[in-house]
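Read off the chains here:
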Amino acid sequence: MAEPESEAAADAPLYLRVAAALREDLAHRRISPGARLPSERSLSQRYHVNRQTVRSALQLLRDERLVVTDRRGTFAASEAEGGSEPVTPALTARRPTFPGGPRAAEALVRASLTWEPPPTPLTARLLLTPGEPTLVHRHVVLGPQGTALQRAVSWFSRPALAEIPQLARYRRGRDRRQQPDLRLLYHWMHQAGLRVTHRESVGVPGPATTAGGAPRLIVHRVVSDQHGHALEITDIDFSAQSAAWTYEFSA
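In this report, the structure presented in the accompanying data block is examined. (Residues numbered from 1 in each chain as written. Predicted model: local features only at pLDDT ≥ 70, side-chain atom pairs only at ≥ 80, totals over all residues. Heavy atoms only, no water.)

### What about unusual backbone geometry?
Okay, step 1: A positive phi angle is found at R29, which is not glycine, with a value near 60°.
Okay, step 2: If you trace the backbone, R29 turns up in the loop between α2 (14–27) and α3 (40–47).
Okay, step 3: Looking at R29, the relative accessible area reads 42%, which means it is partly exposed.
Okay, step 4: Positive phi, normally seen in glycine, also occurs at L127, with a value near 60°.
Okay, step 5: Assignment of secondary structure puts L127 in the loop between α7 (120–123) and β4 (134–142). (Helix = DSSP H or I, 4+ residues; strand = E, 2+ residues; numbered from the N terminus. Buried < 20%, exposed > 50% of the residue type's maximum accessible area, 1.4 Å probe, protein only.)

Quick look at the structure:
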């Protein structure tokens, strides 16, 4: 596997790194549309990972409609299946991208993780006891001049930390690093067997405006599992004139 270009890439789960390498091969036509991919065994040897890691990477590429699998094996998507489209992050984000959609995911961002109690009104909804800390994710989308176009803060529930392995690992202080990459959070939920419901409400915050005078919009999102338990509560605040909020969902 090629050397990662950043600390975030180096810390990414192995299956994401394998998926990224295969995605690059598909994008540059090193694997032609309709061509069969190497076997799971061959891929596990090439990338020095176990076969389950390869299976997870291939499932992600299937979700992105970049490969298809049948009884003969796994193949690069043909033109009829969408394989002729340029392979870009915006097109491969078939599942919703945390926290603010594909456009925000590809912009210049600053993100951080902390471990702190949520606001009191959210405590019971997150199945926490009063004063109990949880994982909190803060995400800022920056404009060309470095101004903040979008801010998001997310609080995670006890069930989320218990059910999603990739999220639970951030309990350890050494994993709460700078610039954490949680863009695939909703894919991780799906991978954990969670059937999620996304509920968003959009509002305009009174007379308040951003520093540049642009009106703002507030998006309040609650993501729940099949049992109705909240997994994540996110508030997104953005400049309505400077940044577009794009959110895609496919079941």
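Next comes the rest of the description.
### Structural notes on the nonpolar core
Okay, step 1: Counting residues in each nonpolar core, the largest one holds 37 residues, and the members touching the most others are F156, L167, L182, L185 and M189.
Okay, step 2: Elements with a minimum of two residues in this core: α2, α3, α4 (51–63), α8 (158–163) and α10 (185–191).
Okay, step 3: For this core, the element with the most residues is α2, which contributes seven residues.
Okay, step 4: Within the second largest apolar cluster, nine residues are counted, among which are L122, V136, V222 and A230. (Core = buried A, V, L, I, M, F, W, Y, C linked by side-chain atoms within 4.5 Å.)

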